[in-house]
Amino acid sequence: QVQLVESGGGLVQSGGSLRLSCAASGFTFSVYAMRWFRQAPGKERELVAAISSTGVNTNYADSVKGRFTISRDNRKSTVYLQMNSLKSEDTAVYYCNAAMEINYWGQGTQVTVSS
């Protein structure tokens, strides 16, 4: 079955950096675009970044553009999110997702940015 396991979250001061990882299994990772979402308390889940199946094309939410970088390693079936210059408003649970007809979600990883 499809499994997505996010890791790398934690508590960081404003201006700091974190690198999130998402290990995927149960499907052919290399043929699907992958995405990172986040959900802050009391808010809807929002799309943060997306990457094409080959990794050539990427897209970002305006709020993270220039600070976050999405990448992937198809040999390891893993997608990453490098987050720099973190702000308090980046505090959320971060989830990865494969661009499939059915939405599968992992448990997410908590990112907390202290000001």
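Cut-offs used in this document
Residues numbered from 1 in each chain as written. Predicted model: local features only at pLDDT ≥ 70, side-chain atom pairs only at ≥ 80, totals over all residues. Heavy atoms only, no water. Disulfide = S-S within 2.5 Å. Helix = DSSP H or I, 4+ residues; strand = E, 2+ residues; numbered from the N terminus. Buried < 20%, exposed > 50% of the residue type's maximum accessible area, 1.4 Å probe, protein only. Pairing = 2+ DSSP bridges. Axes fitted to C-alpha atoms, helices over the stretch in contact; angles between N-to-C directions. Salt bridge = Lys/Arg side-chain N within 4 Å of Asp/Glu carboxyl O.

(A) Up close: the state of the cysteines. Throughout the structure, instances matching the rule amount to one disulfide. In this model cysteine 22 forms its disulfide with cysteine 96; the gap between the sulfur atoms is 1.8 Å. Taken as a pair, cysteine 22 in strand 3 (residues 18-25) and cysteine 96 in strand 9 (residues 92-98) lie far apart in primary sequence, 74 residues in all. Owing to a relative accessible area of 0%, cysteine 96 belongs among the buried residues under this scheme.

(B) Representation of the sheet that holds strand 3 in the model. One open sheet holds the four strands; their spatial order is 1-3-8-7, and the pairing between them is antiparallel. Each of the sheet's edge strands pairs with one partner strand only, and the pair in question is strand 1 (3-7) and strand 7 (68-73). On average, adjacent strands in this sheet sit at an angle of 15° to one another, irrespective of strand direction. Sheet topology places strand 7 next to strand 8 (residues 78-83); six bridges connect them, and they run antiparallel. Paired with arginine 72 across the two strands is valine 79, which belongs to strand 8.

(C) Summary view of unusual backbone geometry. Phi is positive for serine 77, close to 50°, though the residue is something other than glycine. Position of serine 77 relative to the elements: it lies in the loop between strand 7 and strand 8. With a phi angle near 50°, serine 85 is a residue other than glycine that sits in the positive phi range. Among the secondary structure elements, serine 85 is positioned in the loop between strand 8 and strand 9. For serine 85, a relative accessible area of 40% translates into the label partly exposed.

(D) Broad picture of the pattern of salt bridges. Scanning all chains against the criterion turns up five salt bridges. Close ionic contact of glutamate 46 with arginine 38 constitutes a salt bridge, the shortest N to O distance being 2.7 Å. One salt bridge in this structure joins aspartate 90 and arginine 67, with 2.8 Å as the shortest N-O distance. With aspartate 90 in the loop between strand 8 and strand 9 and arginine 67 in the loop between strand 6 (58-60) and strand 7, the pair connects residues that are 23 residues apart, well separated along the chain. Exposure remark for arginine 67: the relative accessible area of 10% places this residue in the buried category. What emerges from the salt-bridge pattern is a single network uniting Arg38, Glu46, Arg67 and Asp90.

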